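Listed here are the chains, written in short residue letters.
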Amino acid sequence: MDCEVKVSLTVKWNGKEYEVNDLCGTDSVGTLKANIYKLTGVRPERQKLLNLKYKGKMPEDDCQLSVLGLRPGTKIMMMGSLEEAIADASSRPDGVPDVLDDFDIDDGEEVAIENRHVYLEKIDKRIRTYNIEMISEPRPGKKLLVLDIDYTLFDHRSSAETGVELMRPYLHEFLTSSYAYYDIVIWSATSMKWIEEKMKLLGVSTHPDYKILFYMDHLAMISVHTPKYGLAEVKPLGVIWGKFPQYTPKNTIMFDDIRRNFLMNPSNGLRIAPFRQAHTNRATDRELLKLAKYLREIAALDDFSALNHRRWEHWLHKLQRRRTDHSDNQ
């Protein structure tokens, strides 16, 4: 290799390490990703190089490696899924946007989708065919909390030296508090291997103060057609309810930063504010602390589906005001 500055580094992915040696300082990040693709099979657009950064941000593909301050033997942790691990339930028609505007989906459309027979049949098929590997056992009397990962618990777009830097503040405190009242399920629209790697990275899978019931991946999702926007992939809670009769619409709540993910069960979904730009927002983000309080307060209720989770902050405020007024009247 004829170049003035040679670059060698190690890429850690999926429990293995891959040596990348045939690079020059004048090569770009895009060239690095192409080399990683040859070694791992993960396409460049799927690759997230967690601790590769330039001026505090993830470098663009045309950024030269020489400006990144890479030392010989630098180790980079990569997240990314192989194409065969990313399933599309059906092909997306031309002209349909990749992302639906959550605020343009009205209540009537949600109800119409929720009750469509064709989608209920899809859910029934998932109940029969989707395999769930239990991590812990359900506990008698506990309600169910279903959590997304990306932008809910973890900023998966920003760059960082460690995964902890991208973890949403107070994650472990939130999960510990919630575990007292809820069995907890992680459901992400990614591959199972990716979910497992993220949970290891964040220390969730080994934390001593709480346990995860099981993980669910993209294979448990179904495709639905919305009148305005066409095809969308969603997370139907009916898959869980069909497999575990102790969990029902009355005792289940789901957090996701994308509202369309609970189109099939709108009364049980709470759209959490997305956690992005971790380095900027980590010091001020208190969303999980507030939501932990909400979960504690509603845990004694008999029917979650009767709540309007869109107004959860207003509900907490009213509850606090009533308690303050009652205390003042004592």
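Keep in mind that what you see is a predicted model, and the values were worked out from it rather than measured.

Peer 1: Could you clarify how one ought to interpret the overall build of the protein chain in this entry?
Peer 2: Scanning the protein chain from N- to C-terminus turns up 9 helices and 11 strands. Within the span of the protein chain, comprising 330 residues, buried residues form 48% of the whole. Put simply, 72% of the contacts in the protein chain that link residues at least 6 apart link residues at least 24 apart.

Peer 1: How should I be thinking about the pairing of strand β10 (residues 252–256) in this particular structure?
Peer 2: Look at any regular strand and the pattern is simple: side chains alternate between the two faces of the sheet. Most of β10 sits inside the fold, with 5 of its 5 residues counted as buried. Neither face of β10 is exposed, since Thr252, Met254 and Asp256 on one face and Ile253 and Phe255 on the opposite face are all buried. As defined by bridge partners, β10 adjoins strand β11 (residues 269–271) across 3 bridges and the pair is classed as parallel. Bridged to Asp256 within β11 is Arg271.

Peer 1: Help me understand the sheet that holds β10 in this model?
Peer 2: The pairing of strands in a sheet happens through backbone hydrogen bonds and is either parallel or antiparallel. Read from one edge of the open sheet, 5 strands run β7-β6-β5-β10-β11, paired in parallel fashion. Edge strands, defined here as strands with exactly one partner in the open sheet, are β7 (214–216) and β11. With direction set aside, neighbouring strand axes in the sheet form an average angle of 25°. Here 3 bridges tie strand β6 (residues 182–187) to β7, and the two strands are oriented parallel to one another. The residue bridging Ile186 from the neighbouring strand is Tyr215, located in β7. In the packing of helix α4 (residues 171–179) onto the sheet, the strands contacted are β5 (143–147), β6 and β10, and the crossing angle to β6 comes to about 135°. Helix α8 (residues 287–298) contacts β5, β6, β10 and β11 of the sheet and is inclined by roughly 170° relative to β10.

Peer 1: Help me understand the nonpolar core, please; the structure alone is not making it clear to me.
Peer 2: Within soluble globular proteins, side chains that are nonpolar generally end up buried alongside one another. Membership of the largest hydrophobic core comes to 42 residues, with the highest contact counts inside it found for Leu145, Leu147, Phe174, Ile186, Ile253 and Phe255. Counting residues per element, the ones that place at least two in this core are β5, α4, β6, α5 (192–201), β10, α8 and α9 (312–328). With 6 residues, the top contributor of residues to this core is α8. Leaving out residues up to four positions away in the same chain, Phe174 has contacts with Leu145, Leu147, Phe255, Leu288, Leu291, Ala292 and Leu295.

Peer 1: Help me out: how do you make sense of the packing of α4 against α8 in this one?
Peer 2: Geometry of a packed helix pair, given as the angle between the helix axes and the separation of the axes. Where α4 meets α8, the closest approach of the two axes is 9 Å, and the angle between their N-to-C directions is 5°. Taken together, the axes of α4 and α8 lie roughly parallel to each other. Side by side, α4 and α8 meet where Leu171, Phe174, Ser177 and Ser178 of the first sit next to Leu288, Leu291, Ala292, Leu295 and Arg296 of the second. Class assignment for the residues of the contact of α4 with α8 results in 6 nonpolar, 2 polar and 1 charged.

Peer 1: Honestly, the sheet that holds strand β2 (residues 16–24) in this entry has me stumped. Any pointers?
Peer 2: Strand order across the open sheet formed by 4 strands is β2-β1-β4-β3, with mixed pairing between neighbours. The open sheet has two free edges, formed respectively by β2 and β3 (48–49), since each of these has just one partner strand. As defined by bridge partners, strand β1 (residues 6–13) adjoins β2 across 7 bridges and the pair is classed as antiparallel. If you follow Lys12 over to β2, its bridge partner there is Glu17.

Peer 1: Would you mind showing me how to read the environment of Thr31 here?
Peer 2: Its location among the elements puts Thr31 in helix α1 (residues 29–40). Residues Thr31 and Gln64, spaced 33 residues apart in sequence, show a C-alpha to C-alpha distance of 9.3 Å.

Peer 1: Which parts of the structure should I look at to understand the side chain of Glu287?
Peer 2: When you line up the elements, Glu287 lands in helix α8. The contacts of Glu287, once residues within four sequence positions are left out, are Arg168, Ile272, Ala273 and Trp312.

Peer 1: Can you help me understand the packing of aromatic side chains in this one?
Peer 2: Two measures describe an aromatic ring pair: the distance that separates the ring centres and the angle between the ring planes. Scanning all chains against the criterion turns up 7 aromatic pairs. Summarising the aromatic geometry, the rings of Phe244 and Tyr247 are spaced 6.2 Å apart at their centres and angled 50° between planes, so their arrangement reads as tilted. Overall, the relative accessible area of 12% leaves Phe244 in the buried class. With relative accessibility at 1%, the residue Tyr247 sits in the buried group. Joined through ring pairs, the aromatic side chains of Phe214, Phe244 and Tyr247 make up one cluster. One residue, Lys198, lies across the ring of Trp194, its end atom 3.9 Å from the ring centre.

Peer 1: Mind showing me how you'd approach the pattern of salt bridges here?
Peer 2: Two side chains carrying opposite charge are able to pair once their charged atoms lie near each other. Per the counting criterion, the structure on display carries 12 salt bridges. The partner of Lys290 in a salt bridge is Glu287, with the nearest N and O atoms 3.9 Å apart. Placement of the pair is Lys290 and Glu287 together in helix α8, with a separation of 3 residues, close to one helical turn. By relative accessible area, Lys290 is classed as partly exposed at 35%. Among the ionic pairs, Glu313 bridges to Lys290, the shortest N-O distance being 3.2 Å. One end of the pair, Glu313, is in helix α9; the other, Lys290, is in helix α8, with 23 residues separating them in the sequence. Its relative accessible area of 44% is what places Glu313 among the partly exposed residues. A single salt-bridge network, built from bridges that share partners, covers Asp148, Lys235 and Asp256.

What counts and what doesn't
- Sequence order as written defines residue numbering, which begins from 1 separately in each chain.
- Residues qualify for local features only when their pLDDT is at least 70, as the model is predicted, and side-chain atom pairs are given and counted only at 80 or more; totals for whole chains, interfaces and linings, by contrast, use all residues.
- The side-chain numbers reported here are obtained from all heavy atoms of the structure, hydrogens and water having been left aside.
- Numbering goes from the N terminus for both helices and strands, where a helix is a DSSP run of H or I of at least four residues and a strand is a run of E of at least two.
- Partly exposed residues are those whose accessible area sits between 20% and 50% of the maximum for their type, while under 20% is buried and over 50% is exposed, using a 1.4 Å probe and protein chains only.
- Any two residues whose heavy atoms approach within 4.5 Å at even a single point are treated as in contact.
- Here a strand pair is declared whenever DSSP counts at least two bridges between the two strands.
- Helix axes use the C-alpha atoms of the stretch in contact, all axes being lines fitted to C-alpha atoms, and the angles between their N-to-C directions lie in the range 0 to 180 degrees.
- Residues grouped as a nonpolar core are buried Ala, Val, Leu, Ile, Met, Phe, Trp, Tyr and Cys residues, joined through side-chain atoms within 4.5 Å.
- For classification, angles of less than 35 degrees are called roughly parallel, those exceeding 145 degrees roughly antiparallel, those between 65 and 115 degrees roughly perpendicular, and all remaining angles oblique.
- Lys, Arg, Asp and Glu make up the charged group, whereas Ala, Val, Leu, Ile, Met, Phe, Trp, Tyr, Cys and Pro make up the nonpolar group; the residues left over, Gly among them, are polar.
- Two rings from Phe, Tyr or Trp (for Trp, the six-membered ring) form a pair when their centres sit within 6.5 Å of each other. Planes less than 30 degrees apart are called stacked, planes more than 60 degrees apart edge-to-face, and all others tilted.
- For a ring to carry a charge above it, either NZ of a lysine or CZ of an arginine must fall within 6 Å of the ring centroid while also lying within 35 degrees of the normal to the ring plane.
- Think of a salt bridge as a Lys or Arg side-chain nitrogen and an Asp or Glu carboxyl oxygen that are within 4 Å of each other.

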